[in-house]
Structure formats: C-alpha cells, structure tokens
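# Report on the structure
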Amino acid sequence: MQARERKIKILKAVVEEYIKNGEPVGSKLLCGTLGFPVSSATVRNEMAELSDMGLLTQPHTSAGRMPSEEGFRFYVDSLMEKKQLSGSIKALIFDELNSKGDEPESLLQAAGDTAAELLKAAAITTTPFSENARIRTLKFVQTGRQTCMAVLITSTGLIKTRLFKCDYVITPDIVNIYETIFNRDLEGLPVKSVTPAFIQTLAVSLGEIAFLVPSVLAAIMEACGDVGGFSMTVSGRANLLDGEDDITNVRALTRLLHSDEQLESLILRLRSGKNILIGSDIGNETLSAHSFIAQPYTIEPSSGGFITAIVPMRCDYAYASAVLEYIAECVGRLFREMLMIE
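Residues numbered from 1 in each chain as written. Predicted model: local features only at pLDDT ≥ 70, side-chain atom pairs only at ≥ 80, totals over all residues. Heavy atoms only, no water.

### Remarks on the layout of surface pockets
Picture a little ball the size of a water molecule; that probe, rolled over the atoms, points out where space is still empty. What counts here: Two kinds of site are reported from a 1 Å grid over the protein atoms alone, namely cavities, where a 1.4 Å probe fits but cannot get out, and pockets, open sets with protein on both sides within 12 Å along at least five of seven lines, and residues are called lining when an atom falls within 4 Å of a point. Grid points are joined across faces, edges and corners, and a volume is the space filled by probe spheres set on the points. Each residue gets one of three labels, nonpolar for Ala, Val, Leu, Ile, Met, Phe, Trp, Tyr, Cys and Pro, charged for Asp, Glu, Lys and Arg, and polar for the others, Gly among them. Strands here are runs of E lasting at least two residues and helices are runs of H or I lasting at least four, both read from the DSSP assignment and numbered beginning at the N terminus.
In this structure, the largest pocket encloses a volume near 330 Å³. The wall of the largest pocket is formed by 17 residues, among which Ala289, His290, Pro312, Met313 and Arg314 lie closest to the centre. Class assignment of the residues belonging to the lining of the largest pocket gives a composition of 9 nonpolar, 4 polar and 4 charged. Lining the second largest pocket, in full, are Lys12, Glu16, Ile19, Lys20, Tyr75, Glu81, Lys82, Lys83, Asp316, Tyr317 and Ala318. Mapped onto the lining of the second largest pocket, the elements with two or more residues apiece are α1 (3-21) and α13 (317-338). With 4 residues, the single largest contributor to the lining of the second largest pocket is α1. Tallied by class, the residues present in the lining of the second largest pocket amount to 4 nonpolar, no polar and 7 charged.

### Re the pairing of strand β3 (residues 122-126)
Formally: Buried, partly exposed and exposed residues are distinguished by accessible area as a fraction of the type maximum, computed with a 1.4 Å probe on protein chains only: under 20%, between the cut-offs, and over 50%, respectively. Pairs of strands are assigned from DSSP output, requiring at least two bridges between the strands.
For β3, a buried count of 5 out of 5 residues is recorded, marking the element as mostly surrounded by other parts of the structure. Alternating residues of β3 divide into Ala122, Ile124 and Thr126 and Ala123 and Thr125, and every residue in both groups is buried. With 4 bridges joining them, β3 and strand β10 (residues 303-312) adopt antiparallel strand pairing. Directly across from Ala123, in β10, lies its bridge partner Ala309. For β3 and strand β7 (residues 232-235), the ladder comprises 4 bridges, and the chain directions are antiparallel. Its bridge partner lying in β7, Thr125 is registered against Thr233.

### Thoughts on the side chain of Ser321
Using the following cut-off: Contact criterion: two residues are considered in contact whenever any of their non-hydrogen atoms come within 4.5 Å of each other.
Looking at where Ser321 falls in the secondary structure, it is placed in helix α13. Classification of Ser321 by relative accessible area gives buried; the value is 17%. Once residues within four sequence positions are removed from consideration, Ser321 is found in contact with Met80, Ile276 and Ile293.

### As for α13
Test applied: One fewer than the residue count of a helix, multiplied by 1.5 Å, yields its expected span.
Taking 1.5 Å of rise per residue, 22 residues should cover 32 Å, and α13 covers 31 Å from first to last C-alpha, within 8% of that figure. In the segment just after α13, Met340 is the residue with positive phi, at about 55°.

So this is what it looks like as structure tokens:
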C-alpha cells in the first residue's frame, strides 16, 4: 500500500471514529478499525504527519488525535461516502411532509421541523427564490360592491394580493372579464417584466377597456412588485443551544438565530458556493464551531429554495446530507403536485 493511500485511509478512519464517539482517537484503537495490517507505531507516525499537514489536531501530548477544520473539509470533499436512508426513515419523512403538503407555508415549516428533529439541529427553510418567477395565473375575488382583490399566483407557489376599488359596481360578469383579459395577456410572463412601462403598453393594447381598469392595472403591478427575495422559517433553535455551556456563546447563537438579516446573508452565500460550509467557511464568528449543510429543492429548472441544517462541526455529515437530500426531493415533488407542474 502506498504511503499516501495509507494516510488517506487513516485520516478517514480518524474522522469517522471521532464523529461516532466524540473522543480523540488513539493509534491502538485505530489499528483495530483500519481493515489492513499495520503497526501501532506506523499509525502514530502517520497521524503525526497528518497533524503537521493541518488535518488532525492533538488536544494535549498524551491524547489521541481529532480532525481539524481542514480535516473535516478534506473528508467531506474527498472521502465521505454517500449514505442510503432506511425505508422507515424515508417513509417517516414523506408521511410527515405529505400530511402538510396542502399549502407552501405549511410544507416548508414541516420540512424544517422534520430536519431539525431527525438531525437534532437548527434548520432553516426558504421559500423559492423568486427572481425567475413567472405569472402562473391571476384570480379576482369581489370583496364589496365596488371593491375587488387581485390574487397573483406565481410559478413558485407564491401568492400576492392587492385590493382595488372601481368607480362602478362590480358584478360576477365583470370579475370574469378581468380574469379572461388579464390571464390572456399576462399568464406565463416573468413577474419582473411587469414594470410601469409594460403596464402602460398593456393599457394601450386594451383600447377603450383601459379607461375602466386603471385601478386593476395598478393592483396587478403592485402585486408583481411585491414578488422579490425570499422568506425563511427557522426550526429547532433549542437543539443548537443544548450543547453549549458558555453563556456568551449561548447569547450569541440566540441573537443569530433570531436575526433574519444575518441568516439571509448566510443563505445567500450558499447559492453561489458549496452546499457544506464548515467553521470559518461560514464567515460568521458565532458559528466557527459549527457547519452549514444545505440541500436545494427544485420546483422547476429555474426555481427552488434551500433546506439547511446548522450542526456542530462534529456531526455525521453523510447521514445529515442524506436526510436533507431526501427532504428536498419530497418538498420539490409535493410543490410540483400542489402547483400541478408536470
């Protein structure tokens, strides 16, 4: 066996043993788990070299070794094997999400709660990112003799409403006309394309009808203008605090978990980078001893969001990734069923 291959096997064994037991790993213990003949002295020498490379650390001279942040990073990027969930875990996840899959908000809340419970972690779920959202349909609901509500439903399942008032009596026939002409002209368009200039062009195309619907056009434009960014739900906050004994850390974590601005910044980093951020990768001192594990869910090729877990740096990354991957798969499937997307 080549020396490099032996080092990699030893590093993998140290990380997995440490993840399992949470104690520094000694050479004698490791010899019994490697699966190939090697002396304790050789293992000690290899572990010392891995420490010199910055992949392992030693709490004190008489202790075994444990992974450094760089060691966890190398393991996740290069050594971690994909884990398969049991059928019972998959059934539990799907049943929990399917029972809440009648509207987007309850589905995403259930996804976060399920991830937090299974991983004993804090979990963040986001609504679908809306920059590529399209107008799925427009509905109109009469609320009074001269008032009505425009209901915008996007391709990502987002619903925005706007009340408007006309200077004439609204009837069911007029409501039907609204739905006919505006869905004819707007259905399938990117929401961000509904600008003031677009509305002016639409008004011109409507001819004399435009004089009867200025408030309707304004309501549609305002509803489209509200479609932007994303919102989050946070589950399992207490899970992240359970292992903390330092009151200063507890306070800092509590502030972070209640700060939409900080959490949004962290989520946005995931969109253009790795799905697993470890320690300093996260870019937040409060989470320097933690990791972010994220899995995107997809509704359509251009739309979706994230299911994310905040876990201690010492965690079973393979299991956590498998759990989040299956939750994301279920969320995407249930979203598509809810929105009747093939």
